[in-house]
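Chains, contacts and geometry: an overview
As a plain string of letters, each chain reads:
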Amino acid sequence: EQDSPMSEALAPLLELEFKSLYAEDGKFIELKDFDEKLLTPEMGLNKESLESLMKQQSEMIPHRVVKVGEIWEANLIAAFKCFEGGLSCNYDFKLVSLKEVEGKQIARIEFIADMDKVKVKQNGVDMVMSAKSIDGYYLFDVKDGQFTESKVFFDMVAEVQGVEMMMQMNMTIESGNSELKK
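Predicted, not measured: the structure shown is a model, and the values here were computed from it.

Our next topic: the overall build of the protein. Looking only at helices and strands, the protein features two helices and nine strands. In the protein, the succession of helices and strands from N to C terminus is α-β-β-α-β-β-β-β-β-β-β. In the protein, which comprises 182 residues, the proportion classed as buried is 38%. By sequence separation, contacts in the protein at least 24 residues apart represent 46% of the contacts at least 6 residues apart. Of the roughly 11,900 Å² of accessible surface on the protein, a fraction of 50% belongs to carbon and sulfur atoms.

Here it is as structure tokens:
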């Protein structure tokens, strides 16, 4: 819901812009050009947790040659302040296709995930969150070793004071690659 307090609290997160630096093998190195003042305490996110998230994202890549149709697994834990013990998800990834797009070799990797139940404290409210389903895809530039786009669909359940609420969220992240200036 666009006018909900949660939407208002997370709106700045959806507009965040920053640069992330990755090694040639796709492993995360550092976050650059990031204005931490844009993050509010309500988001439960700071520079360290965002870096942790980016590092986790680089773990989605198998770092080996993968054939179309091949499947691999990963467990990712994102350290958000509002999630007690972090947000832990178990992923199954599948390389669905490898296509040339505008002269670049782009891999489409689809995934499904399950999420461990997690206690959340947001604006003084205690809740327990779980996922009915998490799925999506990402596009990966094979030569540059960079993500170019990802889309995630969340179907979540939040339990607040014994009352269950359903949440659905679709998140798209578009990334651009540029050469590092020396």
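In the sheet, strand S3 (residues 71-78) pairs with strand S4 (residues 87-101) via eight bridges, with the strands oriented antiparallel. Along S4, the bridge assignment pairs Ala-78 with Leu-87. Alignment of S4 against strand S5 (residues 104-115), held across 12 bridges, turns out to be antiparallel. What sits directly across from Glu-100, in S5, is Gln-105. Hairpin geometry of S4 and S5 is characterised by an intervening segment of two residues between the two adjacent antiparallel strands and by a positive phi of about 50 degrees at Glu-102.

Another aspect to go through is the confidence of the model for the protein. Per-residue pLDDT for the protein averages 77, and the proportion of residues at 70 or more is 74%. Mean pLDDT across the elements of the protein bottoms out in helix H1 (residues 5-14) (55) and peaks in S5 (93).

What tends to happen in soluble globular proteins is that the nonpolar side chains get buried as a cluster. By size, the foremost hydrophobic cluster in this structure holds 31 residues, and its most contacted members are Tyr-91, Phe-93, Ile-109, Met-115, Met-129 and Tyr-138. Elements with a minimum of two residues in this core: S3, S4, S5, strand S6 (118-122), strand S7 (125-141) and strand S8 (146-160). No other element matches the six residues that S8 contributes to this core. Ignoring anything within four residues of it in the chain, the contact list for Met-129 reads Phe-83, Met-115, Asp-116, Lys-117, Val-118, Val-120, Met-156, Val-157, Ala-158 and Met-167.

So, about the environment of Ala-113. By secondary structure assignment, the location of Ala-113 is in strand S5. Remark: the alpha-carbon pair of Ala-113 and Ala-131, spanning 18 residues in sequence, is separated by 8.9 Å. Other than its neighbours up to four places away in sequence, Ala-113 contacts Asn-90, Tyr-91 and Ile-134.

Tallied over the entire structure, the rule returns seven aromatic pairs. Seen from their ring centres, Trp-72 and Phe-93 are 5.7 Å apart, and the 20 degrees between their planes marks the pair as stacked. Taken together, the positions of Trp-72 in strand S3 and Phe-93 in strand S4 put the pair 21 residues apart, joining distant regions of the chain. Among the residues examined, Trp-72 registers a relative accessible area of 8% and is labelled buried. What links up through ring pairs into an aromatic cluster is the set Trp-72, Tyr-91, Phe-93, Phe-111, Tyr-138, Phe-140 and Phe-147. We note Arg-108 situated over the ring of Tyr-137; from NZ or CZ to the ring centre the distance is 4.0 Å.

Rules behind the numbers
Every chain's residues receive numbers from 1 upward, in the order its sequence appears when written. This being a predicted model, a pLDDT of at least 70 is required before a residue's local features are given, and a value of 80 or more before pairs of side-chain atoms are given or counted; all residues contribute to the totals for chains, interfaces and linings. Side-chain figures throughout are based on the complete set of non-hydrogen atoms in the structure, without hydrogens or water. We count a stretch as a helix when DSSP gives it H or I for four or more residues in a row; a strand needs E for two or more, and each element gets its number in order from the N terminus. Burial classes: relative accessible area under 20% of the type maximum marks a residue as buried, over 50% as exposed, and values in between as partly exposed (1.4 Å probe, protein chains only). By definition, residues are in contact when any of their heavy atoms lie within 4.5 Å. Areas reported here follow the Shrake-Rupley algorithm with a probe of radius 1.4 Å; residue values treat only the protein chains shown as occluding. Only strands that DSSP links by at least two bridges are regarded as paired with each other. Values of pLDDT, which run from 0 to 100, indicate the predictor's confidence residue by residue. Throughout, nonpolar core names a set of buried Ala, Val, Leu, Ile, Met, Phe, Trp, Tyr and Cys residues whose side chains join them through atoms within 4.5 Å. The aromatic pairing rule takes the rings of Phe, Tyr and Trp, using the six-membered ring of Trp, and pairs them if the centres are within 6.5 Å, calling planes under 30 degrees apart stacked, those over 60 edge-to-face and the rest tilted. Any Lys NZ or Arg CZ found within 6 Å of a ring centre and within 35 degrees of that ring's normal is scored as a charge over the ring.

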